[in-house]
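# Summary of the model geometry
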Amino acid sequence: MYEVAIIGAGVAGLNCARQLQAQMGNSGKILVVDKSRGLGGRLATRRLANTHADHGVCYIKAQGDRFRQEIGELVDREILRLWTDKIHRWDGRGDIQAPAKTSACYVSATGATAIAKYWARDLEVIGDRTITNIQPIDRGWRIEAQDWSAEARQVVLAVPPAQAAEIVRNAVEPDCLTQLQLIEFTPVITAMATYPAALLPASVELGWQGIQCQDHPSLGWIGLDSSKQLSPPQPVLVVQSNAESAMQYFESPDLMAVGQELLAAAAVLVPWFAQPKLLQVHRWAYAFTKNPLSSPWITAQTAAPLYLCGDWCGGNRVEAAYLSGLAVAAQILR
């Protein structure tokens, strides 16, 4: 039996596990389980032909000292590097606006997934396991997936609230389920595009790395992802929808057409954006929390300890997820 089983290998789950393992020792006491074969949740990198793109989190930045310290460690390990301290703005009606110096934005030259891989390097992580239920047992829990199960004294669910509610539906009181069901998210659709290598000089001459699209009718973000790489072989563009556009087209049977529309909207700035060499599209159902909780984690009234955490506890960004995972670990270690 594990001491703690953590469901979800995103930012919150991995950092909860790291903190627990650092205190409890590396003796098979901590297990991380995820439905995906990869790590990191929205710290996601899509491998494309001869290149890659971050199609979830666009960059990392810190507001508080604790996360700033973590970023410093990742920079020292050459996992992160400073990308820019100027994110431009555009509303779709005129030229882009260059703001004054803003918070430092950090990225991985090899893709955001590298951050999650570093955090998971000493952990026991089992992927490709969709947890469908948890059952109370003597002094603990049994977590269950298809043709697989494990037992633990304590369980942490570091997944979106809707997924957590489905997993714990038979194990917690109705008030807890109601609390989870009231938390709302906004979706995002991401288009990833590559372009001929001959356009690399033109991409460098654009003079910006990323654009926040505020009050734009359809876009939320335009990012020149190839600028994150040390020696990019070709231009790579990541365009993300805003919430309204994502909700309108999220169930579209033709996602490629949706992606092309996102590129066409960005091509108002740069015409060649509309003519990619390669286009891929991804949907994120739980991109940003609309109404995050004020507490960094919650617990349920159960016979054995059960905790829930994530970026929806205290915020909706990477830093909130990171702090949420650490807070749960600190509670377990008390």
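To be clear, the structure that these remarks concern was listed above.
Fair warning: this is a prediction, and the values are worked out from it, not measured in the lab.

## Details of the overall build of the chain
When helices and strands are counted, the chain shows 9 helices and 18 strands. For the chain, whose C-alpha radius of gyration is 21 Å, the value lies close to the compact-globule estimate of 20 Å for 334 residues. Its C-alpha atoms give the chain principal-axis dimensions of about 65 × 40 × 35 Å. Every one of the 334 residues in the chain was classed for burial, and the buried ones make up 52%.

## A short note on unusual backbone geometry
You will see that N50, though not glycine, has its phi angle at about 65 degrees, which is positive. Positionally, N50 belongs in the loop between β3 (45–48) and β4 (51–54). According to the relative accessible area criterion, N50 is exposed, its value standing at 68%. With a phi close to 60 degrees, D128 is a non-glycine residue in the positive phi region. Along the polypeptide, D128 turns up in the loop between β8 (125–126) and β9 (133–137).

## Section: empty space enclosed by the protein
Counting across every chain of the model gives 1 cavity of 30 Å³ or more. Taken as a whole, the largest cavity holds about 40 Å³ of empty space. As for the largest cavity, its lining consists of D54, V57, C58, Y59, I60, L80, Y106, V107, S108, A112 and I115. When grouped by side-chain class, the residues that make up the lining of the largest cavity number 9 nonpolar, 1 polar and 1 charged.

## Looking at the side chain of D225
Relative to the assigned elements, D225 resides in the loop between β14 (219–224) and β15 (236–241). Its relative accessible area of 4% is what places D225 among the buried residues. There is a polar contact of 2.7 Å between the side chain of D225 and the backbone nitrogen of D54. Once you skip the residues sitting within four places of it in the chain, D225 turns out to touch A53, D54, V236 and V238.

## Examining the sheet that holds strand β6 (residues 88–89)
Read from one edge of the open sheet, 6 strands run β6-β13-β14-β15-β12-β16, paired in mixed fashion. Bordering the open sheet on either side are β6 and β16 (278–289), each of which pairs with just one other strand. Set on the sheet, helix α8 (residues 255–266) makes contact with β12 (185–194), β14, β15 and β16; between it and β16 the angle comes to about 90 degrees.

## Let's talk about the nonpolar core
Of all hydrophobic cores here, the largest spans 38 residues; its most connected members are I6, L20, L43, I60, I115, W119 and V156. Listed by contribution, the elements that provide at least two residues to this core are β1 (2–7), α1 (11–24), β2 (30–33), α2 (65–76), α3 (113–119), β18 (306–309) and α9 (318–333). When residues in this core are grouped by element, the largest group, 7 residues, is from α9. Beyond its immediate stretch of four places on either side in the chain, I60 contacts L43, F67, I71, A104, C105, Y106, I115 and V318.

## Regarding α2
An ideal rise of 1.5 Å per residue puts 16 Å on 12 residues; α2 measures up with 16 Å between its terminal C-alpha atoms. Listed as buried for α2 are F67, E70, I71 and L74. Along the axis of α2, the buried residues cluster in a sector spanning 100 degrees; they form a single face. Within α2, the exposed residues directed more than 90 degrees away from the buried face are D65, Q69 and D76. As for α2, its buried residues are in contact with α1, β7 (105–107), α3 and α9. A positive backbone phi angle near 60 degrees is found at E78, which sits one or two residues after α2.

Reading guide: rules and limits
Residues numbered from 1 in each chain as written. Predicted model: local features only at pLDDT ≥ 70, side-chain atom pairs only at ≥ 80, totals over all residues. Heavy atoms only, no water. Helix = DSSP H or I, 4+ residues; strand = E, 2+ residues; numbered from the N terminus. Rg over C-alpha atoms; globule rule 2.2 N^0.38 Å. Buried < 20%, exposed > 50% of the residue type's maximum accessible area, 1.4 Å probe, protein only. 1 Å grid on protein atoms, 1.4 Å probe; cavity = no way out; pocket = protein on both sides within 12 Å on 5 of 7 lines; lining within 4 Å. Points joined across faces, edges and corners; volume = space filled by probe spheres on them. Nonpolar A, V, L, I, M, F, W, Y, C, P; charged D, E, K, R; others polar. Polar contact = N/O pair within 3.5 Å; in protein donor to acceptor, adjacent residues only side chain to side chain. Contact = heavy atoms within 4.5 Å. Pairing = 2+ DSSP bridges. Axes fitted to C-alpha atoms, helices over the stretch in contact; angles between N-to-C directions. Core = buried A, V, L, I, M, F, W, Y, C linked by side-chain atoms within 4.5 Å. Expected span 1.5 Å × (residues − 1). Arc of directions from axis to C-beta.

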